[in-house]
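Below, each chain spelled out in residue letters.
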Amino acid sequence: DALYRLRSAVLPLDGVLLLGLGGESYGIDYFLPDGRLDEASLRDLRLSLAYGLLPGVRLDAALTRRSWSDPAGLLPESGGGWGGLRGGVAVALPSPTPSLAWALHGGLTVPLGAEADGAAEAAAAPEVGASLTARLWRQSRYPELRLHLNAGWRGNPDGGRSGGAAARLPWPPLYPAA
């Protein structure tokens with residue numbers, strides 16, 4: 001779940017629009033109140049875009065659709081909904097070498113889904129951070145390799161859990177505490 005949150009410090013050129021479609025499918029184990037172990041199957045589908053507004057400035061957005069199945073657990077057997085809409089901006093910082101890129105970023109995730117369904121948080125969550133990207137093999141016949149390092153803070157207005165039965169579960173369909 002964290003990989004799509006990894007931010008590149010290499011920003012698109014001004015006027016360039018990047019579209020992305022991604023997703024994850026994974027399972028988690030958790031304990032029921034009676035002590036039995038249960039497993040839930042989780043899926044996220046994400047549509048994202050990034051736009052180079054000005055040289056060194058990127059606007060980005062991502063919309064997530066969450067679904068799960070949990071035949072024996074606390075949640076309905078299956079469910080899903082809109083997880084949230086994330087919007088943000090990144091600003092590039094001067095770098096001493098073309099092989100390194102630095103950027104500061106900030107954003108806000110606004111819940112779109114039903115809190116009681118466990119698909120979204122109860123309130124908007126701000127975030128700020130910094131990214132460092134090392135660009136390897138830039139002048140090669142191989143595709144450029146990029147290594148990313150991110151650090152940041154994400155507000156967690158409701159403790160990372162929604163209401164209803166899902167409030168008792170520390171599980172990934174809800175935004176994790178940062």
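These numbers come from a predicted model, not from an experiment.

Scoring rules and cut-offs
Residues numbered from 1 in each chain as written. Predicted model: local features only at pLDDT ≥ 70, side-chain atom pairs only at ≥ 80, totals over all residues. Heavy atoms only, no water. Phe/Tyr/Trp six-rings, centres within 6.5 Å; stacked < 30°, edge-to-face > 60°. Lys NZ or Arg CZ within 6 Å of the ring centre and 35° of its normal. Core = buried A, V, L, I, M, F, W, Y, C linked by side-chain atoms within 4.5 Å. Buried < 20%, exposed > 50% of the residue type's maximum accessible area, 1.4 Å probe, protein only. Helix = DSSP H or I, 4+ residues; strand = E, 2+ residues; numbered from the N terminus. Polar contact = N/O pair within 3.5 Å; in protein donor to acceptor, adjacent residues only side chain to side chain. Contact = heavy atoms within 4.5 Å.

Caption draft 1: Representation of the packing of aromatic side chains. Enumeration according to the criterion identifies zero aromatic pairs in this entry. Sitting over the ring of W82, R65 keeps its end group 5.3 Å from the ring centre.

Caption draft 2: Representation of the nonpolar core. In this structure, I28, Y30, L32, A40, L42 and W68 together form the largest nonpolar core, which totals six residues. For this core, the elements supplying multiple residues, two or more each, are β1 (17-31) and β2 (37-54).

Caption draft 3: Summary view of the side chain of H105. One can find H105 in strand β5 (residues 100-110). Within the structure, the side chain of H105 is placed 3.3 Å from the side chain of S131, a separation counted as a polar contact. What H105 contacts, discounting residues up to four positions off in sequence, is R7, V89, A90, E127, V128, G129, A130 and S131.

Caption draft 4: Seen up close, the side chain of S8. Inspection of the secondary structure assignment puts S8 in the segment before β1. Among the residues examined, S8 registers a relative accessible area of 18% and is labelled buried. Non-local contacts of S8, meaning those with residues more than four positions away in its chain, are made with R58, S131, T133, R146 and H148.

Caption draft 5: Local environment of the environment of H148. Looking at where H148 falls in the secondary structure, it is placed in strand β7 (residues 145-154). In this structure, the C-alpha to C-alpha distance between H148 and R7, residues 141 residues apart in sequence, is 7.4 Å. Sequence-distant contacts of H148, that is, excluding residues within four places in its chain, are made with L6, R7, S8, L132 and T133. Reaching out from H148, the side chain makes a polar contact with the side chain of T133 at a distance of 2.9 Å.

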